[in-house]
Number of protein chains: 2
Amino acid sequence: VAGNNKLLKELNQATILELIRVNKAISKADIASITGLSPNATGMITLNLINDDFLYVSGIGESSGGRKPDLLSLKPNSYYSMGVDIDTDRIRFALIDITGQIIYRSRIAVNCVGNYKATFEIINSEIKKNYKDKLLGVGFAIAGQVDAKSETIISAPNLKWKNINILDVISIDVPVFLENESITSSIYENWSGICQGVQNFICINSKSGIGAGIFINGKIYKGASGSAGEVGHIIVDIGGPKCECGSNGCLETYSSSLRLAEKLNVGSINEVILLARSGNQFALDALKQSALYIGVVISGLVNTLNPEKIVLGKQFVKYADLIIDEIKDVVNNKALPMPASNVEIVVSEEGEQSSVLGAAILPLINIFSTNEKRAAVGI
Amino acid sequence: VAGNNKLLKELNQATILELIRVNKAISKADIASITGLSPNATGMITLNLINDDFLYVSGIGESSGGRKPDLLSLKPNSYYSMGVDIDTDRIRFALIDITGQIIYRSRIAVNCVGNYKATFEIINSEIKKNYKDKLLGVGFAIAGQVDAKSETIISAPNLKWKNINILDVISIDVPVFLENESITSSIYENWSGICQGVQNFICINSKSGIGAGIFINGKIYKGASGSAGEVGHIIVDIGGPKCECGSNGCLETYSSSLRLAEKLNVGSINEVILLARSGNQFALDALKQSALYIGVVISGLVNTLNPEKIVLGKQFVKYADLIIDEIKDVVNNKALPMPASNVEIVVSEEGEQSSVLGAAILPLINIFSTNEKRAAVGI
């Protein structure tokens with residue numbers, strides 16, 4: 001029907017791989033019936049994918065009359081992908097296979113601020129050390145503004161990095177991918193975490209600031225110029241404290257790790273949490289106020305976007321037990337009943353590692369995603 | 001390649017119709033090259049569409065070497081669609097053709113509150129009076145919560161209507177469609193209004209309350225349970241006035257037409273506007289404060305969703321000149337520079353009629369949209 005048979009073949013391959021990824025194990029008959037592909041085409045494509053080591057027969061399904069069908073699954077330990085999450089004081093690495101299974105993780109303490117050459121020397125050496133023959137690519141997560149298309153870090157204020165093209169600083173010949181770390185976190189939650197199969201969700205992360213990754217209709221949403229998700233700068237009190245962004249009363253001025261530590265006059269959010277857990281009333285009050293404003297912002301997001309889930313991620317995970325009840329109360333009392341009763345507010349199970357695991361998924365998206373391929377064949 | 005040839009044919013037809021709709025006039029060669037369909041398939045499909053009166057040869061294009069190509073356009077006055085917008089005190093009607101051309105509009109004053117049977121008698125008679133042979137359907141716009149799939153008005157608080165299935169009250173045998181009026185407004189802006197070709201935008205409307213229609217990636221976004229867009233209940237001041245929704249300090253408590261009229265102790269927003277235009281300082285101050293909070297909410301939407309455009313619609317259009325500068329100032333000062341510099345804040349050119357015109361577009365979407373058809377063939 002369409003002109004370009006090679007692209008259509010890739011589209012059908014991607015459709016089948018994605019279906020198997022989401023369903024874990026599925027028969028050829030079910031693949032054919034769900035995709036609308038003929039049994040013949042389904043058989044040919046899956047045979048190729050088995051020969052290429054993407055798929056294997058993982059079990060035997062239920063009979064629907066005839067003989068019991070083989071179930072196909074993604075093949076573990078066949079193809080690999082690496083994630084790199086760069087923060088101010090450490091680099092995290094994760095190697096996964098195409099099933100999402102974690103092969104290894106590591107963490108190297110290093111001062112990356114203003115120091116991109118030294119940082120990438122360490123990264124190059126770590127990738128070489130753990131190189132696999134069937135490495136599909138390396139994905140990078142950065143706190144800052146990136147241009148994913150040209151693999152360029154436009155601006156990472158905390159790292160004091162500007163306009164760095166990853167291709168210029170990577171010495172390994174392997175495809176590279178780049179995204180903001182809130183986005184990679186939400187990709188992780190959708191592929192392997194707490195939002196598998198969830199079409200519309202928002203992953204709100206605390207690190208030094210507060211940012212979000214937004215999934216709309218099962219796909220990451222980045223906005224007109226790629227900066228969607230800056231929920232830390234939603235104003236919760238127009239007469240509130242000055243924010244670094246120049247505005248007043250942004251969510252971050254009440255609820256970021258940095259501001260909470262400042263308020264309690266301690267060195268980090270970890271100390272605030274320790275104080276709160278030991279019963280210190282100032283710490284408990286500051287966390288309660290921060291939860292109130294997180295709840296106000298989530299109420300607005302719930303009213304506006306009517307998501308299925310809100311995930312609290314990264315540093316929030318360390319003290320979610322201390323704030324989640326207050327947040328849920330605020331949302332139940334302040335968001336409209338209809339969207340409030342349709343949203344689940346949950347805590348990430350991965351904590352601070354969701355970004356590096358999501359970065360490792362970036363090279364896989366290209367193989368499983370049908371979007372660009374659809375666009376290319378014009379459907 | 002895929003199993004179901006009839007569905008694939010419909011998919012290719014819809015793809016071509018949508019391409020022609022968006023481009024107004026386009027040659028078969030350009031259709032083939034953009035869609036990836038073969039020249040042969042393109043020729044066959046467009047010939048069928050010409051024979052069925054959907055398309056006609058509207059002009060002659062530029063030569064790219066050989067003879068000058070025919071340009072194809074949607075055929076005016078061939079197929080029709082009707083929109084009905086039901087408000088508390090009037091019903092609006094609009095008949096358009098598939099090119100979006102308005103054939104006629106009418107407005108009937110009637111008290112619809114609590115009175116759905118009488119309302120639909122009037123609607124049935126008006127549709128019959130203006131019935132066209134090639135009427136593709138009737139679309140309804142309602143301020144309230146609807147279930148578009150079952151054509152059911154779940155709850156329209158201002159109308160005091162609950163659980164009304166349009167199919168039960170419509171006596172004409174024609175396909176019917178139903179959507180919330182903020183959604184139909186945004187559909188109008190995307191098809192025929194100020195957001196043609198815009199992928200990501202938010203249409204914020206003032207009527208009795210304030211609501212929004214949200215377009216994401218060129219498609220209307222309705223959320224997990226269909227209630228997305230309730231931006232009137234975003235909290236702008238947690239210690240602010242009580243809102244009808246039960247919360248405090250929602251945008252509506254400062255900026256809805258109802259609250260502005262109450263504050264000035266007059267009967268309607270029209271009188272507030274008259275006072276402001278005559279220089280009354282109380283009215284000007286109230287509008288300025290309302291604009292401040294609209295700006296705060298838009299700043300949050302700009303930070304979160306990074307849209308290309310924000311459209312102020314419906315009653316806002318009556319007095320946009322009095323508030324737009326303040327709104328733009330607030331967004332420029334309070335949203336982050338990156339998304340703020342990428343958004344255009346504009347005023348709808350249609351005013352209060354955008355909903356009824358969008359309602360008239362609902363029956364057309366099914367013919368031009370490729371989404372459900374893609375899902376049906378599994379691509």
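Bear in mind the structure is a predicted one, so any value in this text is a computation, not a measurement. Within every chain, residues take consecutive numbers counted from 1 along the sequence as written. Written order determines the labels here, with chains lettered from A and ligands numbered from 1. Where totals are concerned, whole chains, interfaces and linings use all residues; where local detail is concerned, this predicted model gives features only for residues with pLDDT of at least 70, and gives and counts side-chain atom pairs only at 80 or more. Hydrogens and waters are ignored; side-chain quantities use all the structure's heavy atoms.

1. Observations regarding the pairing of strand E3 (residues 70-74) of chain B
In regular strands, side chains alternate between the two faces of the sheet. Residue and element names in this part refer to chain B. With two bridges connecting them, strand E1 (residues 26-27) and E3 associate as antiparallel partners. Looking across to E3, one finds that Ile26 is bridged to Leu72. Note on pairing: two strands pair once DSSP finds at least 2 bridges between them. In this text, helices come from DSSP runs of H or I with a minimum length of four residues, and strands from runs of E with a minimum of two, each type numbered from the N-terminal end. Across five bridges, the pairing between strand E2 (residues 55-60) and E3 is antiparallel. Residue pairing for E3: Leu55 is matched across the bridge by Leu74.

2. Observations regarding the interface of chain B and chain A
We call two residues contacting when some pair of their heavy atoms lies within 4.5 Å. Listed per partner, the contact involves 55 residues of chain B and 57 residues of chain A. Carbon and sulfur atoms make up 59% of the surface buried where chain B meets chain A, a total of about 4600 Å² over both sides. One speaks of a salt bridge when a side-chain nitrogen belonging to Lys or Arg is within 4 Å of a carboxyl oxygen belonging to Asp or Glu. Counting across the chain B and chain A interface gives zero salt bridges. Identification of polar contacts relies on pairs of N or O atoms within 3.5 Å, with a donor-acceptor requirement for protein atoms, meaning one able to donate a hydrogen and the other able to accept it, and with residues adjacent in sequence counted only if both atoms are side-chain atoms. The tally of links between chain B and chain A comes to 20 residue pairs in polar contact (both at pLDDT 80 or more). Sorting the residues of the side of chain B that touches chain A by element identifies helix H1 (5-23), helix H2 (28-35), strand E13 (210-216), helix H10 (281-305), helix H11 (316-334), helix H12 (337-341) and helix H14 (371-377) of chain B as the ones contributing at least two each. Throughout, the accessible surface (probe 1.4 Å) given up by two parts as they are put together, summed over both, is called the buried area.

3. Digging into the pairing of strand E13 (residues 210-216) of chain A
All names here are of chain A. For E13, the tally of buried residues reaches seven of seven residues, placing the bulk of the element in the interior. Each residue is assigned to one of three classes by its accessible area relative to the maximum for its type, calculated with a 1.4 Å probe on protein chains only: buried under 20%, partly exposed between the two thresholds, exposed over 50%. Side chains of E13 alternate between two faces, with Ile210, Ala212, Ile214 and Ile216 and Gly211, Gly213 and Phe215 buried alike. Here strand E12 (residues 201-206) hands over to E13 after three residues, the two strands then running antiparallel side by side. Sheet topology places E13 next to strand E14 (residues 219-221); three bridges connect them, and they run antiparallel. Each residue of the ladder has a partner; that of Ile214, found in E14, is Tyr221. Connecting E13 to the next strand, E14, in antiparallel fashion are two residues, including Asn217 with a positive phi near 50°.

4. Things to note about the side chain of Ser355 of chain B
Here Ser355 of chain B is to be found in helix H13 (residues 354-368). Sequence-distant contacts of Ser355 of chain B, defined by excluding residues within four places in its chain, comprise Asp85, Ala141, Glu181, Thr184, Ser185 and Lys314 of chain B.

5. Looking at the sheet that holds strand E10 (residues 161-165) of chain B
All names here are of chain B. Within the open sheet, the three strands sit side by side as E8-E9-E10. Their pairing is antiparallel. Two strands close off the open sheet at either side, each with one partner strand: strand E8 (145-147) and E10. On average, each strand axis in the sheet is inclined to that of its neighbour by 10°, with strand direction left out of account. As paired elements, strand E9 (residues 152-156) and E10 share four bridges and run antiparallel to each other. An axis is simply a line fitted to the C-alpha atoms; with a helix, the fit covers only the stretch in contact. Between two such axes, the angle follows the N-to-C directions and lies from 0 to 180 degrees.

6. Points about unusual backbone geometry
The phi dihedral of Lys24 of chain A falls on the positive side, at around 70°, and the residue is not glycine. On the secondary structure map, Lys24 of chain A appears in the loop between helix H1 (5-23) and strand E1 (26-27). Non-glycine residue Glu151 of chain B carries a positive phi angle of around 50°. Glu151 of chain B gets classed as buried once you look at its relative accessible area, which sits at 16%.

7. Thoughts on the relation of the copies chain B and chain A
Overlaid copies result from least-squares superposition on C-alpha atoms, with residues included only where pLDDT is at least 70 in both. The transform that puts chain B on chain A rotates by 180° and translates by 0.0 Å along the axis, for an RMSD of 0.0 Å. In short, the pair behaves as if placed about a two-fold rotation axis. Comparing contact sets, 100% of the residues at the interface of chain B also lie at the interface in chain A, consistent with an isologous, same-surface contact.

8. What to know about helix H11 (residues 316-334) of chain A
To estimate the expected span of a helix, count its residues, drop one, and scale the result by 1.5 Å. The end-to-end C-alpha distance of H11 of chain A, which contains 19 residues, comes to just 22 Å, noticeably less than the 27 Å that a straight helix rising 1.5 Å per residue would cover. Buried residues of H11 of chain A: Phe316, Tyr319, Ala320, Ile323, Ile324, Glu326, Ile327, Val330, Val331 and Lys334 of chain A, and no others.

9. Quick word on the nonpolar core
Residues Ile204, Ile298 and Ile327 of chain A together with Ile204, Ile298 and Ile327 of chain B are the most contacted members of the largest nonpolar core, which totals 92 residues. In contact with Ile298 of chain A, not counting residues within four places along its chain, are Ile204, Ile310, Leu312, Ile327, Val331 and Ile345 of chain A. What makes a nonpolar core is a set of buried Ala, Val, Leu, Ile, Met, Phe, Trp, Tyr and Cys residues whose side-chain atoms join them at distances within 4.5 Å.

10. Observations regarding helix H13 (residues 354-368) of chain A
Residue and element names in this part refer to chain A. The first and last C-alpha atoms of H13 sit 20 Å apart over 15 residues, in line with the 21 Å expected at 1.5 Å per residue. The quantity called bend is, for any residue, the angle between two axes fitted respectively to the seven residues ending at it and the seven beginning at it. Of all the bends in H13, the largest measures some 40° and sits at Leu362, one to four residues before the proline Pro363. With 12 of 15 residues buried, H13 lies mostly within the body of the structure. For H13, every residue scored as buried is listed here: Ser354, Ser355, Val356, Leu357, Gly358, Ala359, Ala360, Ile361, Leu362, Pro363, Leu364 and Phe368.

11. A word on the state of the cysteines
Residues and elements named next belong to chain A. Sulfur atoms of two cysteines make up a disulfide when they are within 2.5 Å. In the structure shown here, the tally under the stated rule is zero disulfides over all chains. Looking at Cys203, it has no disulfide partner, and the nearest cysteine sulfur is the one in Cys195, 6.8 Å off. You can call Cys203 buried: its relative accessible area is 0%.

12. Remarks on the sheet that holds strand E6 (residues 102-109) of chain A
Residue and element names in this part refer to chain A. Judged by pairing direction, the sheet is mixed, and its five strands sit side by side in the order E6-E5-E4-E7-E11 without closing on themselves. Pairing within the sheet leaves two strands with one partner each, and these edge strands are E6 and strand E11 (176-180). Put simply, the sheet's adjacent strands are angled 15° from each other on average, direction ignored. Sheet topology note: the strand E7 (residues 135-142)/E11 ladder contains five bridges and is parallel. Of the residues in E11, the one forming a bridge with Phe140 is Leu178. Where helix H6 (residues 181-191) meets the sheet, its contacts fall on strand E4 (80-86), E7 and E11, and the angle it forms with E11 comes to roughly 100°.

13. Remarks on the confidence of the model for chain A
Taken residue by residue, chain A gives an average pLDDT of 92. The fraction at 70 or more is 96%. For this predicted complex, the interface confidence comes out at an ipTM of 0.90, alongside a pTM of 0.91. Residue-level confidence of the predictor, termed pLDDT, takes values from 0 up to 100.

14. Observations regarding the packing of aromatic side chains
Classification of ring pairs uses Phe, Tyr and Trp, with its six-membered ring standing for Trp, and accepts pairs whose centres are within 6.5 Å; under 30 degrees between planes counts as stacked, over 60 as edge-to-face, and the remaining range as tilted. In total, this model carries 16 aromatic pairs over all chains according to the counting rule given. Consider the rings of Phe120 of chain A and Trp161 of chain A, whose centres lie 5.8 Å apart with planes at 40°: the pair is tilted. Placement of the pair is Phe120 of chain A in helix H4 (residues 116-129) and Trp161 of chain A in strand E10 (residues 161-165), with a sequence separation of 41 residues. Each of the two residues, Phe120 of chain A as well as Trp161 of chain A, counts as buried. Among the aromatic side chains, those forming a connected cluster through ring pairs are Tyr116, Phe120, Phe140 and Trp161 of chain A. In this structure, Lys134 of chain A packs its charged tip against the face of Tyr79 of chain A, placed 5.0 Å from the ring centre. A ring has a charge above it when a Lys NZ or an Arg CZ is no more than 6 Å from the ring centre and no more than 35 degrees off the ring normal. Lying across the ring of Trp191 of chain B, Arg21 of chain B places its NZ or CZ 3.6 Å from the centre.

15. Considering the pattern of salt bridges
Per the stated rule, a full pass over the model turns up 26 salt bridges over all chains. The partner of Asp85 of chain A in a salt bridge is Arg90 of chain A, and the shortest N-O contact between them spans 3.7 Å. Judged by relative accessible area, Asp85 of chain A falls into the buried class, the value being 0%. A salt bridge links Asp87 of chain B to Lys207 of chain B, with the nearest nitrogen and oxygen atoms 3.4 Å apart. One end of the pair, Asp87 of chain B, is in the loop between strand E4 (80-86) and strand E5 (90-97); the other, Lys207 of chain B, is in the loop between strand E12 (201-206) and E13, with 120 residues separating them in the sequence. Side by side, Asp87 of chain B and Lys207 of chain B carry an identical accessibility label, which is buried. In this structure, a network of salt bridges that share partners links the residues Asp85, Asp87, Arg90 and Lys207 of chain A.

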